[in-house]
Amino acid sequence: MFKVARYWRPVGFVLLISGLVLLMLPFVRYAFVFGAEGLGLGELRDSYLFRDGGGLSNPAIFGHMLCGAVVTLLVPVQLIPWVRRLLPWWHRWAGRIITGLGLMTGAAGLLYILQRGSVGGWPMDLGFGIYGLCLIVSCVQTLRFARAGQMDRHRRWALRTFWLAIGSWLYRFHYGLWYLATDGAASNANFSGAFDLVQNFAFYLPYLLGLELYLRR
Ligand code: HEM
């Protein structure tokens, strides 16, 4: 009985992570292709995110999408224990890439907010501004404690980085579920409905709080 649980638990975990990656793939692809287009690697679709004379805000937002796509794709794999054990070189290199690109994603998102502001106005600027700062701090701490050999603290920060890194997808996922369930109640194109306002924080704060409770146990 115990033997079965010993083998099935890791298999179940890998299946869970694979399912998550599959669910996130369409968004990852969207962010990657949109980002690449905006950086001149394809014909750019019509979008308010590109502004003539927008200066740095244009490469910032599209570079942000490209880096964020890679981070979102790589971060779940870091959680799989046997990848860490059997392929330590992968874990280390992917960790460095996630940290570097995570910092760029956060910093470029913040630059865009400061220069242009988000489509939802100051409540969205605030929610996403805090989100960007959290991601930056979490990436730095995860790498810092790994390098210092403080693996327990590294693990805790890595879990925070995970929830933050998939936050951008969770934001869209929440919207998808909400629109399916309510046909878009309390949500509008200006992002000023009650659901939109809650969403500015609901895609990362509850997850971070839940994680803190779990870590305290
Ligand atoms: C971690 C992975 C991330 C990915 C994959 C990602 C992806 C994207 C994509 C694809 C867009 C274009 C909007 C759309 O068409 O849906 C976008 C916009 C934006 N992102 Fe991110 N993002 C990530 C993280 C962040 C972070 C950490 C911040 C915080 C600084 C942030 C702030 C923004 C802002 C302010 C916009 C513009 C919103 C608007 O006015 O429409 N993102 N992002």
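Only a predicted model underlies this, so the values are computations on that prediction, with no experimental measurement involved. (Residues numbered from 1 in each chain as written. Predicted model: local features only at pLDDT ≥ 70, side-chain atom pairs only at ≥ 80, totals over all residues. Heavy atoms only, no water.)

Participant: Explanation requested: the overall build of the protein chain in the structure shown.
Facilitator: When its secondary structure is counted, the protein chain shows nine helices and zero strands. Against the compact-globule benchmark of 17 Å for 217 residues, the protein chain has a radius of gyration of 18 Å, which places it among compact chains. In terms of principal-axis extent, the alpha carbons of the protein chain reach across some 60 × 40 × 30 Å. Counting the 217 residues in the protein chain, one finds 42% classified as buried. As presented, the protein chain carries roughly 12800 Å² of accessible surface, and 69% of it is formed by carbon and sulfur atoms. Averaging the locations of the 20 positively and 9 negatively charged side chains of the protein chain gives two centres separated by 22 Å. (Helix = DSSP H or I, 4+ residues; strand = E, 2+ residues; numbered from the N terminus. Rg over C-alpha atoms; globule rule 2.2 N^0.38 Å. Buried < 20%, exposed > 50% of the residue type's maximum accessible area, 1.4 Å probe, protein only. Areas by Shrake-Rupley, 256 points an atom, 1.4 Å probe, with all protein chains shown as cover. Lys, Arg positive; Asp, Glu negative; His and termini not counted. Charge placed at Lys NZ, Arg CZ, Asp CG, Glu CD.)

Participant: Help me out: how do you make sense of the site of the ligand in this one?
Facilitator: Around the ligand, a shell composed of 27 residues is seen, among which Tyr-30, Tyr-48, His-64, Val-119 and Arg-172 lie nearest. Contacts to the ligand include His-64, whose side-chain N or O atom sits 2.9 Å from a nitrogen atom. Those elements giving two or more residues to the shell around the ligand turn out to be α1 (2-38), α2 (57-74), α4 (88-115), α5 (121-147) and α7 (167-182). For the shell around the ligand, a count of residues per class yields 17 nonpolar, nine polar and one charged. (Near = heavy atom within 4 Å. Polar contact = N/O pair within 3.5 Å; in protein donor to acceptor, adjacent residues only side chain to side chain. Nonpolar A, V, L, I, M, F, W, Y, C, P; charged D, E, K, R; others polar.)

Participant: Could you clarify how one ought to interpret the side chain of Thr-72 in this entry?
Facilitator: Residue placement: Thr-72 occurs in helix α2. Judged by its relative accessible area of 3%, Thr-72 is buried. Looking at Thr-72, its side chain comes within polar contact range of the main-chain oxygen of Gly-68, at 2.7 Å. Beyond its immediate chain neighbours, meaning those up to four positions away, Thr-72 contacts Met-24, Val-28 and Ala-165. (Contact = heavy atoms within 4.5 Å.)

Participant: Can you help me understand the side chain of Ser-47 in this one?
Facilitator: Topologically, Ser-47 is positioned in the loop between α1 and α2. Within the structure, Ser-47 has its side chain in polar contact with the backbone nitrogen of Leu-49 (distance 3.0 Å).

Participant: Just checking my understanding: could you explain the coordination of the iron atom of the ligand for this structure?
Facilitator: Six octahedrally arranged donors around a metal ideally form angles of 90 or 180 degrees; four tetrahedrally arranged donors ideally form angles of 109.5 degrees. Of all protein atoms, His-64 (NE2) alone acts as a donor to the iron atom of the ligand, lying 2.0 Å away. When you line up the elements, His-64 lands in helix α2. (Donors = N, O, S within 2.8 Å, 3.2 Å for Na, K, Ca; no water.)

Participant: Help me understand the UniProt feature "transmembrane region" (unreviewed entry) in the protein chain, please; the structure alone is not making it clear to me.
Facilitator: The positions that UniProt labels "transmembrane region" (unreviewed entry) are, in the present scheme, residues 12-32, 61-81, 93-114, 126-145, 157-177 and 197-215. Span residues 12-32 is 100% helix and 0% strand, its end C-alpha atoms 29 Å apart. Segment residues 197-215 splits into 89% helix and 0% strand. End C-alpha atoms: 28 Å apart. (UniProt positions renumbered as here; feature names shortened; annotations may be inferred.)

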